[in-house]
Amino acid sequence: MNEFTAHLKTFQNVFLFFLSFCLVAWALFVEYRPYSAGLMLGSAVSMINARYLAWKIRKLSDKVITAPPGQGIPSKANIGFLTRAAVGGLAGLIAVRFPEQFALSTTVAGYLIAQLATLVLGIISVKRSKK
């Protein structure tokens, strides 16, 4: 297992722990259910986008590795920004369409969970490698 896959697995475990925490908060605090549900929706979209980006990066790196020497990155290389933006927009649309079930503010805040988790995990990884 390479380092990229190990980081993805660690990120997935952190995400599932966070999602279970949000689910417990949704079950216990009835008056805050839309906020917790919005956070779960946004973080689920964040996880989907992170997994999709990892898949695209792996696919792109395989293309670069198998390319003949001196060619570099293929001309049709992209990392799927429009797809990831559309999935995020769909989650925002769901939050706007059903405001009694999902809070838009926490849905948007949930979009940042993957970036925040990878930042923290990256800092921890760098500190461990220096020891």
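Here the structure is a predicted model, which is why all the values come from computation and not from measurement.

J.: I would appreciate a short explanation of a nonpolar patch on the surface in the present structure.
T.: Residues V24, L28, F29, Y32 and Y35 make up a contiguous nonpolar surface patch of about 550 Å² in total accessible area. Checked against the element boundaries, V24 lands in helix α1 (residues 3–28).

J.: Even after reading the chapter, I still don't get α1, so can you show me in this structure?
T.: Because an α-helix completes one turn every 3.6 residues, residues spaced three or four positions apart along the sequence face the same direction. Its 26 residues give α1 an end-to-end C-alpha distance of 38 Å, which sits within 8% of 38 Å, the value for a rise of 1.5 Å per residue. Looking only at α1, the buried set comprises L8, F11, F15 and C22. Residues of α1 that are buried in the fold lie against α2 (33–66) and α5 (113–130).

J.: Looking at this model, I keep getting lost on the environment of L8. Mind explaining?
T.: Within the fold, L8 resides in helix α1. According to the relative accessible area criterion, L8 is buried, its value standing at 16%. Taking C-alpha positions, L8 is 9.0 Å from A50, a pair spaced 42 residues apart along the chain. If we skip the residues at most four places from it in the chain, L8 touches R51, A54 and R58.

J.: Is there a simple way to think about the nonpolar core in this case?
T.: Most often, soluble globular proteins keep nonpolar side chains buried together rather than apart. Residues F11, F15, M47, A114, A117 and L121 constitute the largest nonpolar core, which totals six residues. Counting residues per element, the ones that place at least two in this core are α1 and α5. When residues of this core are assigned to their parent elements, the largest contribution, three residues, is made by α5. Ignoring any residue separated from it by four or fewer positions in sequence, one finds A114 in contact with F11, S46 and A50.

J.: Would you mind showing me how to read the environment of A109 here?
T.: Within the secondary structure, A109 is located in helix α4 (residues 104–110). Separated by 71 residues in sequence, A109 and G38 place their C-alpha atoms 8.6 Å apart.

J.: Could you clarify how one ought to interpret the environment of K59 in this entry?
T.: Counting through the fold element by element, K59 comes out in helix α2. The spatial distance from the C-alpha of K59 to the C-alpha of I79 is 9.3 Å, given a sequence separation of 20 residues.

What counts and what doesn't
Residues numbered from 1 in each chain as written. Predicted model: local features only at pLDDT ≥ 70, side-chain atom pairs only at ≥ 80, totals over all residues. Heavy atoms only, no water. Patch = residues over 30% accessible without salt bridge, like charges linked within 9 Å, V, L, I, M, F, W, Y side chains within 5 Å. Areas by Shrake-Rupley, 256 points an atom, 1.4 Å probe, with all protein chains shown as cover. Salt bridge = Lys/Arg side-chain N within 4 Å of Asp/Glu carboxyl O. Helix = DSSP H or I, 4+ residues; strand = E, 2+ residues; numbered from the N terminus. Expected span 1.5 Å × (residues − 1). Buried < 20%, exposed > 50% of the residue type's maximum accessible area, 1.4 Å probe, protein only. Contact = heavy atoms within 4.5 Å. Core = buried A, V, L, I, M, F, W, Y, C linked by side-chain atoms within 4.5 Å.

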